[in-house]
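Fold and geometry: a report
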Amino acid sequence: RLALSYLKLLQTRGAAAEDEVRRGLSISNRGDFVDISEYLTRLGLIKVGTGGRSLTSDGRRYLTSPKVLNLRDRISG
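Residues numbered from 1 in each chain as written. Predicted model: local features only at pLDDT ≥ 70, side-chain atom pairs only at ≥ 80, totals over all residues. Heavy atoms only, no water.

1. Remarks on the overall build of the protein
In terms of regular secondary structure, the protein is built from four helices and two strands. Counting only residues that meet the buried cut, the protein has 35% of its 77 residues in that class. Considering only intrachain contacts with a sequence separation of at least 6, the fraction spanning at least 24 residues in the protein is 50%. In the form shown here, the protein has an accessible surface area of approximately 5100 Å², with 46% of it arising from carbon and sulfur atoms. (Helix = DSSP H or I, 4+ residues; strand = E, 2+ residues; numbered from the N terminus. Buried < 20%, exposed > 50% of the residue type's maximum accessible area, 1.4 Å probe, protein only. Contact = heavy atoms within 4.5 Å. Areas by Shrake-Rupley, 256 points an atom, 1.4 Å probe, with all protein chains shown as cover.)

What follows is the structure, encoded as C-alpha cells:
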C-alpha cells in the first residue's frame, strides 16, 4: 500500500527529492524510506537521478494498467 502511494505521489508531482517524498508519504524513519525506495527501484518502477526520484516507463504503465496488479508479481523467483 505504501509502495502504491509512493508511485502515485511521483505520478502527481513528477521527479521529487527524498525529503519531499518522505514528507508526502509521512515517513519519518529514513531507513523505512530507503527500504521502500530500493524495493521500487529493483522492480524497475522508479529511478533515482539528478532531479530526484521519478517513475520509469514501467512505473507509469503499472499505474495506468486496467488490471489490478500485485507488485509481488514483478519479483522474479
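2. Section: the pattern of salt bridges
Under the defined criterion, the tally for this structure stands at five salt bridges. In this structure, E20 engages R13 in a salt bridge whose closest nitrogen and oxygen atoms are separated by 3.6 Å. Judged by relative accessible area, which is 28%, E20 ranks as partly exposed. Under the relative-accessibility criterion, R13 is labelled partly exposed at 44%. (Salt bridge = Lys/Arg side-chain N within 4 Å of Asp/Glu carboxyl O.)

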